[in-house]
Amino acid sequence: MAEETQPQAAAAAPAAEAAPEVVAAEKAPAEVEEPAVEAETEESAAVADDGGAVEATGSFKEESNLVADLPDPEKKALDEFKELIVAALAAGEFNLPPPPPPPKAKTEEPAKAEEPAKTEEPAKEEPKVEVVAEAAAAEQAKEEPKAEEAKPPEPKTQEVTAEEVTKTAEAAAEAAAAATSEQTPAPEAEADAVAPPEPVFIWGVPLVGDDERTDAVLLKFLRAREFKVKEAMAMLRSAVLWRKRFGIDSLLEADLAFPELEKVVFYRGADRESHPVCYNVYGEFQDKDLYEKAFGDEEKRERFLKWRIQLLERGILSQLDFAPSGICSMVQVTDLKNSPPMLGKHRAVTRQAVALLQDNYPEFIAKKVFINVPWWYLAANKMMSPFLTQRTRSKFVFASQAKSPETLFRYIAPEQVPVQFGGLYKEDDPEFTTSDSVTELTIKASSKETIEIPVTENSTIVWELRVLGWEVSYGAEFTPDAEGGYTVIVQKTRKVPANEEPIMKGSFKVTEAGKIALTINNPASKKKKLLYRSKVKSTSESI
């Protein structure tokens, strides 16, 4: 992500810049680019006036995290990376520097000021000392004869001095011996000081050791820096130190009390390859109260940033396993419908979020899908395309409002897509879950589609269907298998307008074997996308 424009950041950044910058802001799981940079995935097709989908020039395919599958140059880079990490751990490079010493007390200053005064006083008396010295020298010269007479005792004086020297030497020897005995334990203390460095973890994975998840994490940093080992090492070191400064461990347990934002950024379901999906709905910030609560002042913006990082960290820990053959990245869906303008109180925090996500969450985005994209958004981001790598461009997909549901269904099954984005997923649905697969059909222009669902006797059939954009006629009836049986009208045919409830539900209690026929007539000149699923319950289940 880091290197690729981090879509993660995008998720992190609110509609922050509904324009190019919003995109970058989403680096959600982790892509590194400036908003504008991110968004512009030079998708090959241009958006048509009626809303076409813009797709990336090449589809991104995740690389394997199995060491055995890596090319030799990448294996070598991974080995070198591990060696650098071991050396950095031993050198304490992943430790924060000690805090600066506290400032010295002001009371010490006067004491220092007095010192010069004291040292100057003796200087004034120096002349007196010299005079006294001269007088003493004169007297000494007069008494020299007396001194010569006193020479006989000199040997005694020398003997005494020798004894004192001997005693002094013996005392020094004893003191040295005592000191040597006291220092004997020093080698043990030094041995204790050379204890192995404390292990460093990131997203619950150790940076060194035999944990199979370690390779998957290290490969993220290497790929973000194109397997340039020294650059990957610098990125990893910076990320670890940032996590300590930011207080990630304590942030995970913090209660930031932001329930209103659960509609803005949230995880829901998985894509067709089992990647968790994170949705960013910036249109929610049209609620002025919500916008002010999130970005009203500096303190609120700082709180929002912490909330976004906390959501991402919790998602990584709960949704990803980092196993060599497991899930190590996520899909991000960013809804640009009714996004806030580029300028606003959110702009600064959005940029900050993008920078943090791109620098500290590399390679966390498997696919980044932008839906309900306005034409001007694509135009603004198109200019940045030449600055993006092919790897980054291949991860991004843009779709206009008309093509958004179909574009999502390419990557995420309809039963996993929330109703608000064109799918059939609803929370607390009493009849269906994400394990109940959805069938997709295309109803051609000016044509009719009939769906037949066989049912057994003494059971209850339940179904639900959705036609994107509706403007069709819909009806349902039951026909028994027995000859001469009567057809029962379950749902009288009627025209369903575009503003109808997004999903039609129905049920019918069957007493004899037969089939339910759902008929959809599309009188429009354009084809329609039909989604449906059904379930047969026994009589006991339906009670």
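Each value, and the rule that gives it
Residues numbered from 1 in each chain as written. Predicted model: local features only at pLDDT ≥ 70, side-chain atom pairs only at ≥ 80, totals over all residues. Heavy atoms only, no water. Helix = DSSP H or I, 4+ residues; strand = E, 2+ residues; numbered from the N terminus. Buried < 20%, exposed > 50% of the residue type's maximum accessible area, 1.4 Å probe, protein only. Contact = heavy atoms within 4.5 Å. Areas by Shrake-Rupley, 256 points an atom, 1.4 Å probe, with all protein chains shown as cover. Pairing = 2+ DSSP bridges. Axes fitted to C-alpha atoms, helices over the stretch in contact; angles between N-to-C directions. Left-handed = near helix turned anticlockwise from the far one by under 90°. Nonpolar A, V, L, I, M, F, W, Y, C, P; charged D, E, K, R; others polar. Phe/Tyr/Trp six-rings, centres within 6.5 Å; stacked < 30°, edge-to-face > 60°. Lys NZ or Arg CZ within 6 Å of the ring centre and 35° of its normal. Salt bridge = Lys/Arg side-chain N within 4 Å of Asp/Glu carboxyl O. pLDDT = per-residue confidence, 0-100. 1 Å grid on protein atoms, 1.4 Å probe; cavity = no way out; pocket = protein on both sides within 12 Å on 5 of 7 lines; lining within 4 Å. Points joined across faces, edges and corners; volume = space filled by probe spheres on them.

Participant: Lay out the overall build of the protein chain in plain terms, naming residues and giving numbers.
Facilitator: Secondary structure summary: the protein chain contains 19 helices and 16 strands in total. Taking all 543 residues of the protein chain together, the buried fraction comes to 44%. Summarising the internal contacts of the protein chain: among those between residues at least 6 apart in sequence, 77% fall at separations of at least 24. Within the structure as shown, the protein chain displays about 29,000 Å² of accessible surface, and the carbon and sulfur contribution to it stands at 53%.

Participant: Talk me through the sheet that holds strand β14 (residues 504-510); I want residue IDs and the actual numbers.
Facilitator: If you trace the 4 strands from one edge of the open sheet to the other, you get β9-β16-β11-β14, paired in antiparallel fashion. Single-partner strands in this sheet number two, and they are β9 (439-443) and β14. Taken pair by pair, the neighbouring strands of this sheet meet at an average axis angle of 25°, ignoring direction. For strand β11 (residues 459-467) and strand β16 (residues 528-538), the ladder comprises 9 bridges, and the chain directions are antiparallel. Bridge pairing in β16 links Val 467 to Leu 530.

Participant: I'd like to hear about the packing of helix α14 (residues 298-319) against helix α15 (residues 346-360), residue by residue, with values.
Facilitator: Where α14 contacts α15, the axes come no closer than 10 Å and their chain directions differ by 30°. For the element pair α14 and α15, the recorded crossing hand is right-handed. Across from Arg 301, Phe 304, Leu 305, Ile 309 and Leu 312 in α14, the residues of α15 making contact are Val 349, Gln 352, Ala 353, Leu 356 and Leu 357. Class assignment of the residues belonging to the contact of α14 with α15 gives a composition of 8 nonpolar, 1 polar and 1 charged.

Participant: Summarise the packing of aromatic side chains; cite the residues concerned and give the values.
Facilitator: Aromatic rings in a pair are described by how distant their centres are and how their planes are angled relative to each other. Considering all chains together, one arrives at 19 aromatic pairs under this definition. Ring centres of Phe 258 and Trp 307 lie 6.2 Å apart, and the angle between their planes is 80°; on these two criteria the pair is classed as edge-to-face. Placement of the pair is Phe 258 in the loop between α12 (248-253) and β4 (265-270) and Trp 307 in helix α14, with a sequence separation of 49 residues. The same class applies to Phe 258 and to Trp 307, which are both buried. Here the aromatic rings of Tyr 361 and Phe 364 are separated by 6.2 Å at their centres, their planes lie at 65°, and the arrangement is edge-to-face. A residue is classified by how much of its surface remains accessible, and Phe 364, at 0% relative accessible area, is buried. In this arrangement the basic side chain of Lys 220 is found over the ring face of Phe 364, its NZ or CZ atom lying 4.2 Å from the centre. Across from the ring centre of Phe 258, 3.9 Å away, lies the NZ or CZ of Arg 303, which sits over that ring.

Participant: Account for the pattern of salt bridges, naming residues and giving values.
Facilitator: Across all of its chains, the model carries 23 salt bridges by this definition. In this structure, Glu 313 and Arg 243 form a salt bridge, with 2.6 Å as the shortest nitrogen-oxygen distance. Of this pair, Glu 313 sits in helix α14 while Arg 243 sits in helix α11 (residues 229-246), and the two are 70 residues apart along the sequence. For the residue pair Glu 313 and Arg 243, the accessibility class agrees, reading buried in each case. Between Glu 440 and Arg 272 there is a salt bridge; the shortest N-O distance is 3.3 Å. Note that Glu 440 is positioned in strand β9 and Arg 272 in the loop between β4 and β5 (276-281), a separation of 168 residues in sequence.

Participant: So what about the confidence of the model for the protein chain? Which residues, and what values?
Facilitator: Across the protein chain, pLDDT averages 79, with 71% of residues at or above 70. The model gives residues 2-51 a pLDDT under 50, and that stretch makes 301 contacts with residues more than four places away or in other chains. For residues 110-162, every residue scores under 50 in pLDDT, and the model assigns this stretch 1 contact once sequence neighbours within four places are set aside.

Participant: Mind laying out the sheet that holds strand β10 (residues 447-455), listing which residues take part and the relevant values?
Facilitator: Spatially, the 4 strands line up as an open sheet ordered β10-β15-β12-β13, and their pairing is antiparallel. If you trace the sheet from one side to the other, it starts and ends with β10 and β13 (488-496), each paired once. Neighbour to neighbour, the strand axes of the sheet diverge by 15° on average, direction disregarded. Alignment of β10 against strand β15 (residues 514-522), held across 9 bridges, turns out to be antiparallel. Considered in β15, the bridge of Ile 451 is made with Leu 518.

Participant: Give me the layout of surface pockets: which residues, what numbers.
Facilitator: Remark: the empty space left among the atoms is shown by a probe the size of a water molecule rolled over them. Empty space within the largest pocket amounts to approximately 880 Å³. It is helix α18 (residues 404-411) that contributes the most residues to the lining of the largest pocket, 4 residues altogether. Within the lining of the largest pocket, the residues separate by chemical class into 11 nonpolar, 6 polar and 13 charged.

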